[in-house]
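Topology and contacts: notes
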Amino acid sequence: MKVKKNYQYIGLLYISPWIIGFALLELYPFLSSFYYSFTSFDLINPPKFIGLKNYIDIFTKDDMFYQSLKVTLIYAIIAVPAKLAFALFVAVILTAKLKSVNVFRTIYYLPSILGGSVAVAVLWRFLFMKEGIVNKLTSTVHIPAVDWLGDPSLALYTISGLNVWQFGSSMVLFLAGLKQVPQELYEVGRVEGASKVRMFFSVTLPLITPIVLFNLVMQIVNAFQEFTGAFVILPDGGPLKSTYLFGMKLYDEGFKFLKMGYASSLSWVLFAIILVFTALVFRSSSYWAHYEDGGDKR
């Protein structure tokens, strides 16, 4: 028993850096933000407890809250399905027996490593500005220049494109799922005369629905938390606040207007919204996500 306890202490010693990091960098900010959400806190003076006033003001007095929430919902509706569809499409292509396929997989994964950086967001801005590279290329075939970032009806789509471009992580998961599909099922489909499209929708897609579920949840969470790309490309929220995401609203309230208590309230509202959407996805998954043991997520 003494030797066993010594091994337990050694194990705790090994994981102590993670425990300390989790407590200081995640758990403490998480709990403190909940407390600050009930206070008036400007980062300079001590916080003053004001009860539910911040939450009441969010839903009754803050019009930009609804604007940012609307923009974020539209952004998620645009970016999440497009990203998953594109990632699955590329993953299916990369399952083919091609020469140097590992090189192609690495190249396709690179955007996910680089896409979240400020430098790539700046590059995206230069690509799609009115005098940018995209308009210069289209002008060579006599297509009129498009104000990708200045037109309220196009700006959010342009911002969403940066998120879709970062499809590598979802693609890798889809690729792993596709590799697990039994080849015998494809052989049966070919014997029965099924086309490749039919086999994809009848065999491949149902068997990788657990991967689809995981990717869907992760991308919904990421979409609601998006900040870097939109802020770097259009820091003022774009024309008519058409790209004013919830993350930008949080940043403005906390660091621009020094209303950290109010920003903490907004972050907990966002947390609740993400929980609701995640719960809805998991609830609906019992009707479309299939598992090898025949079970569901309920």
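All of these numbers come straight from a predicted model, not from anything done at the bench.

For the rest of this paragraph, the subject is the pattern of salt bridges. Between side chains of opposite charge, pairing is possible as soon as their charged atoms come close. Scanning all chains against the criterion turns up 5 salt bridges. Two residues, Lys61 and Asp57, come together in a salt bridge whose shortest N-O distance is 3.8 Å. Exposure remark for Asp57: the relative accessible area of 12% places this residue in the buried category. We note a salt bridge from Glu253 to Lys259, for which the minimum N-O separation is 3.5 Å. Via salt bridges that share partners, Asp62, Lys249, Glu253 and Lys259 belong to a single interconnected network.

What follows covers the packing of helix α13 (residues 246-256) against helix α14 (residues 260-288). The contact between α13 and α14 brings their axes to 7 Å, and the two run at 160°. Between α13 and α14, the interaxial angle falls into the category roughly antiparallel. Where α13 crosses over α14, the handedness of that crossing is left-handed. Along the contact surface, α13 presents Phe246, Lys249, Leu250, Glu253, Gly254 and Phe255, while α14 presents Met260, Tyr262, Ala263, Leu266, Ser267 and Leu270. The class makeup of the residues in the contact of α13 with α14 is 8 nonpolar, 2 polar and 2 charged.

Attention shifts here to the nonpolar core. Of all hydrophobic cores here, the largest spans 65 residues; its most connected members are Phe174 and Ile233. A per-element tally of this core places helix α3 (residues 63-94) first, with 14 residues. Look past the residues within four positions of Phe174 in its chain and what remains in contact with it is Leu84, Ala87, Leu88, Ala91, Ile208, Ile211, Val212 and Asn215.

Before going further, it helps to examine the packing of aromatic side chains. One pass over the structure, following the stated rule, counts 22 aromatic pairs. The interplanar angle of 65° and the centroid separation of 4.9 Å between the aromatic rings of Phe34 and Trp268 together place this pair among those described as edge-to-face. Of this pair, Phe34 sits in helix α1 (residues 2-36) while Trp268 sits in helix α14; the two residues are 234 residues apart in sequence, bridging distant segments of the chain. Ring geometry for Phe224 against Phe277: centres 5.2 Å apart, planes inclined by 45°, an arrangement best described as tilted. Of this pair, Phe224 sits in helix α11 (residues 209-224) while Phe277 sits in helix α14, placing them 53 residues apart in sequence. Here Phe277 falls in the partly exposed class, since its relative accessible area comes to 31%. The structure contains a cluster of three or more aromatic residues connected by ring pairs, namely Phe30, Phe34, Phe38, Tyr55, Trp268 and Phe271. Over the ring of Tyr244 we find Lys241; its NZ or CZ atom is 4.5 Å from the centre of that ring.

With respect to the helices, strands and loops of the structure, Thr209 is situated in helix α11. Classification of Thr209 by relative accessible area gives buried; the value is 6%. From its side chain, Thr209 meets the backbone nitrogen of His290 in a polar contact 2.9 Å long. Among all residues touching Thr209, those that are not within four sequence positions of it are Trp288, Ala289 and His290.

All right, on to the packing of helix α2 (residues 53-60) against α14 then. With their axes 9 Å apart at the nearest point, α2 and α14 run at an angle of 70° to one another. Classed by the angle they form, the pair α2 and α14 counts as roughly perpendicular. Along this stretch, α2 crosses α14, giving a crossing that reads as right-handed. Contacts from Asn54, Tyr55, Asp57, Ile58 and Phe59 in α2 reach Gly261, Tyr262, Ser265, Leu266, Trp268 and Val269 in α14. Residues belonging to the contact of α2 with α14 are distributed by class as follows: 7 nonpolar, 3 polar and 1 charged.

The next point concerns helix α10 (residues 196-207). Taking 1.5 Å per residue, 12 residues should reach 16 Å; α10 reaches 15 Å between its end C-alpha atoms and fits that length. Considered for burial, the residues of α10 that qualify are Met199, Val203 and Thr204. On an axial view of α10, the arc spanned by its buried residues comes to 85°, and they lie on one face. Turned more than 90 degrees away from the buried face of α10, the exposed residues are Val197, Arg198 and Phe201.

Phi angles above zero are rare outside glycine, and Leu240 is one such case at about 55°. Topologically, Leu240 is positioned in the loop between α12 (228-233) and α13. What makes Leu240 exposed here is its relative accessible area of 73%. Positive phi outside glycine occurs at Lys241, with the angle close to 55°. Structurally, Lys241 can be placed in the loop between α12 and α13. A relative accessible area of 31% means that Lys241 is categorised as partly exposed.

Attention now goes to α11. Its 16 residues place the ends of α11 22 Å apart at the C-alpha level, agreeing with the 22 Å of an ideal helix rising 1.5 Å per residue. The complete set of buried residues in α11 reads Thr209, Val212, Leu213, Asn215, Leu216, Val217, Gln219, Ile220, Val221, Ala223 and Phe224.

Definitions and limits used
Residues numbered from 1 in each chain as written. Predicted model: local features only at pLDDT ≥ 70, side-chain atom pairs only at ≥ 80, totals over all residues. Heavy atoms only, no water. Salt bridge = Lys/Arg side-chain N within 4 Å of Asp/Glu carboxyl O. Buried < 20%, exposed > 50% of the residue type's maximum accessible area, 1.4 Å probe, protein only. Axes fitted to C-alpha atoms, helices over the stretch in contact; angles between N-to-C directions. Helix = DSSP H or I, 4+ residues; strand = E, 2+ residues; numbered from the N terminus. Parallel < 35°, antiparallel > 145°, perpendicular 65-115°, else oblique. Left-handed = near helix turned anticlockwise from the far one by under 90°. Contact = heavy atoms within 4.5 Å. Nonpolar A, V, L, I, M, F, W, Y, C, P; charged D, E, K, R; others polar. Core = buried A, V, L, I, M, F, W, Y, C linked by side-chain atoms within 4.5 Å. Phe/Tyr/Trp six-rings, centres within 6.5 Å; stacked < 30°, edge-to-face > 60°. Lys NZ or Arg CZ within 6 Å of the ring centre and 35° of its normal. Polar contact = N/O pair within 3.5 Å; in protein donor to acceptor, adjacent residues only side chain to side chain. Expected span 1.5 Å × (residues − 1). Arc of directions from axis to C-beta.

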